[in-house]
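Chain and residue survey
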Amino acid sequence: MIPRHQAVIVTVLLLASLIMGAVLFRMREKAHQQMLAGQDSAPTQAPQVAAAEQATLMVASDDNNSIRAQVHSLPLPSDPGARARAVLGRLLDLYASTDSTHPVPGGATSVSQVFLLPVPAKGAAASKSAGNSAGPELAVVNLKGSFVASHPSGLETESLTVLSICGTLHANLPQITQVRFLVDGDQRQLLAGHADLTRTYLTSDSAPGPEGSSGAVEIPTDPVPAVTAKP
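Our subject in this report is the structure included herewith. Nothing here was measured: the structure is a model prediction, and the numbers come from that model. (Residues numbered from 1 in each chain as written. Predicted model: local features only at pLDDT ≥ 70, side-chain atom pairs only at ≥ 80, totals over all residues. Heavy atoms only, no water.)

**A word on the environment of A86**
Within the secondary structure, A86 sits in helix α2 (residues 80-96). Look at A86 and you get partly exposed, because its relative accessible area is 21%. Considered as a pair, A86 and L74 are 12 residues apart in the sequence and their alpha carbons are 8.4 Å apart. Residues within four places of A86 in sequence aside, it is in contact with L74, P75, L76 and P77. (Helix = DSSP H or I, 4+ residues; strand = E, 2+ residues; numbered from the N terminus. Buried < 20%, exposed > 50% of the residue type's maximum accessible area, 1.4 Å probe, protein only. Contact = heavy atoms within 4.5 Å.)

Structure follows, in structure tokens:
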């Protein structure tokens, strides 16, 4: 026979367990109801989508080693860095398409980031004297290694890619007067064996010819003109 004091202890423990279970169940139900009420009262917001705007892309053509301006409508963010990445993404999408005039695989995902930095004082003074009243900026384009690894090799095709990127950036963000390139966040010497990626390129080198001409930018037989980057 179970001693009386042990029976009392077992009964008390059983009642305490039942009470605690009931309390926990009630707390769980209350928390669930509060969560549902919060979801019902939260306002539904549509995701923010950038408005479509007209962007000028400097599109390369391998047929005559030239670059021509094309106007496309695409969503453009207000942030300058994101805007630069968006226009370059559309440009590289054109190059990755089946009917591209300058076939280069990779597409928009080939550009990881575009950083905009003020041009050092000496370069800034030169740009303002040339008629650019806004503060000139240097665009640092961070390309993915897969894009560089799959880029066709050759002086003309590499120069076309570099110049079209520089020209597209300047056409949509005129304050960009210089462009530098990184690959996966690091400096790389050459694009695909010819175009120098250690230099700072001037966007003026990719400007179209005078009004009334064909609108093409002829590619020189020498390496793409540029200014050497200073530490």
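**Side note on the nonpolar core**
Formed by 37 residues in total, the largest nonpolar core has its most connected members in L88, V141, L169, V179 and F181. Among the elements of the structure, β1 (52-61), β2 (66-75), α2, β3 (111-118), β4 (137-143), α4 (145-150), α5 (155-172) and β5 (176-183) are those that each provide at least two residues to this core. Setting aside residues up to four positions removed in sequence, V141 forms contacts with L88, V111, Q113, L169, V179, R180, F181 and L182. (Core = buried A, V, L, I, M, F, W, Y, C linked by side-chain atoms within 4.5 Å.)

**Thoughts on the sheet that holds β5**
With mixed pairing, the four strands of this open sheet are ordered in space as β3-β4-β5-β6. At either end of the open sheet lies a strand with only one pairing partner, and these are β3 and β6 (201-202). Alignment of β3 against β4, held across seven bridges, turns out to be antiparallel. Within the sheet, the bridge partner assigned to F115 lies in β4 and is V140. Against the sheet, α2 engages β3 and β4, with an angle of about 135 degrees to β3. On top of the sheet, α5 reaches β4, β5 and β6; it is set at about 135 degrees to β5, its chief contact. (Pairing = 2+ DSSP bridges. Axes fitted to C-alpha atoms, helices over the stretch in contact; angles between N-to-C directions.)

Everything listed here is a matter of geometry and, on its own, says nothing about what the molecule does.
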